[in-house]
Amino acid sequence: LIDSCPAILETLGTVLRAHAIEPLRPLSRDIIGPPLHATLQLVTGLTDKGLLEKMAADFRSRYDLDGIYATQAYPHVATVLQHLVTAGIRLHLATNKRERPTLLLVAHFGWAPWFDSVYCVDSRTPPYPSKGEMLVEQLAEHKLDKRDCVYVGDTVHDEKAAAHAGLAFAAVGWGYGMGEQAVSESAQRVSAPRDLLEL
């Protein structure tokens, strides 16, 4: 739905500089997708949970304050969402992003009325251990028949989460599904947002 890359990478770089840590790999869009702690561990190589949590808290504070507003919606996504809702399709959002910035962005783009539910990694305590578990709980709590649902995502993590929940999966041709994050060759794909209408 959104391109959060510029905001995330800028904030991540600021946090690493504040902690005087040189990243082990370039801060590029291919690291975006997994939960924050996993991303921090990936780019720093750190295993000190206390330090990783301190860095994560620093990231959240900076990102929530103003970083998120550098986020852009992908072209035509809003129009497609509106058409889906008008056609009677129920929309639910499940993301590894945290609840606070997610809800701020959904409100910022004016999408809040279109989603029946929004589930984030920290929507419950303790946080969801995986996106797959999140989807299972979302399906159950909203009495959704998985045979009538499709999970749309851009990375292999989304594909695995859909499989865990027993959902059909559609991989979009934009977003972060590249390199280590690429979906399987057998995944169903849509090349542009408007293709979701036909799907």
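Rules of the game
Residues numbered from 1 in each chain as written. Predicted model: local features only at pLDDT ≥ 70, side-chain atom pairs only at ≥ 80, totals over all residues. Heavy atoms only, no water. Phe/Tyr/Trp six-rings, centres within 6.5 Å; stacked < 30°, edge-to-face > 60°. Helix = DSSP H or I, 4+ residues; strand = E, 2+ residues; numbered from the N terminus. Buried < 20%, exposed > 50% of the residue type's maximum accessible area, 1.4 Å probe, protein only. Core = buried A, V, L, I, M, F, W, Y, C linked by side-chain atoms within 4.5 Å. Contact = heavy atoms within 4.5 Å. Salt bridge = Lys/Arg side-chain N within 4 Å of Asp/Glu carboxyl O.

A. View of the packing of aromatic side chains. One pass over the full model with this rule turns up three aromatic pairs. Ring plane angle 15 degrees and centroid distance 5.4 Å describe the contact between F59 and Y63, whose orientation is recorded as stacked. Taken as a pair, F59 and Y63 lie in helix α3 (residues 49-65) at a separation of four residues, close to a single helical turn. F59 gets classed as buried once you look at its relative accessible area, which sits at 6%. Relative to W111, the ring of F109 lies with its centre 4.9 Å away and its plane at 25 degrees, an arrangement referred to as stacked.

B. Representation of the nonpolar core. Ranked by internal contacts, the top residues of the largest apolar core, which has 36 residues, are I32, L81 and W111. Sorting the residues of this core by element identifies α1 (5-18), α2 (36-44), α3, α4 (77-86), β3 (91-95) and α5 (99-108) as the ones contributing at least two each. When residues of this core are assigned to their parent elements, the largest contribution, seven residues, is made by α1. Excluding residues within four positions of it along the chain, W111 makes contact with L1, I2, A73, V77, A78, L81 and V106. Among the nonpolar cores identified, the runner-up in size contains 16 residues, and A94, Y128, L139 and A162 belong to it.

C. Molecular detail of the pattern of salt bridges. Summed over the entire model, instances satisfying the criterion amount to ten salt bridges. Ionic pairing is found between D64 and R98, a salt bridge with its closest N-O pair at 2.7 Å. Residue D64 is located in helix α3, and its partner R98 is located in the loop between β3 and α5; the two are separated by 34 residues in the primary sequence. Across the pair, R98 and D64 agree in class, each one buried. We note a salt bridge from K131 to D158, for which the minimum N-O separation is 2.5 Å. Of the two residues, K131 sits in helix α6 (residues 131-141) while D158 sits in helix α7 (residues 156-165), which places them 27 residues apart along the sequence. Summarising the burial analysis for this pair, K131 and D158 share the class buried.

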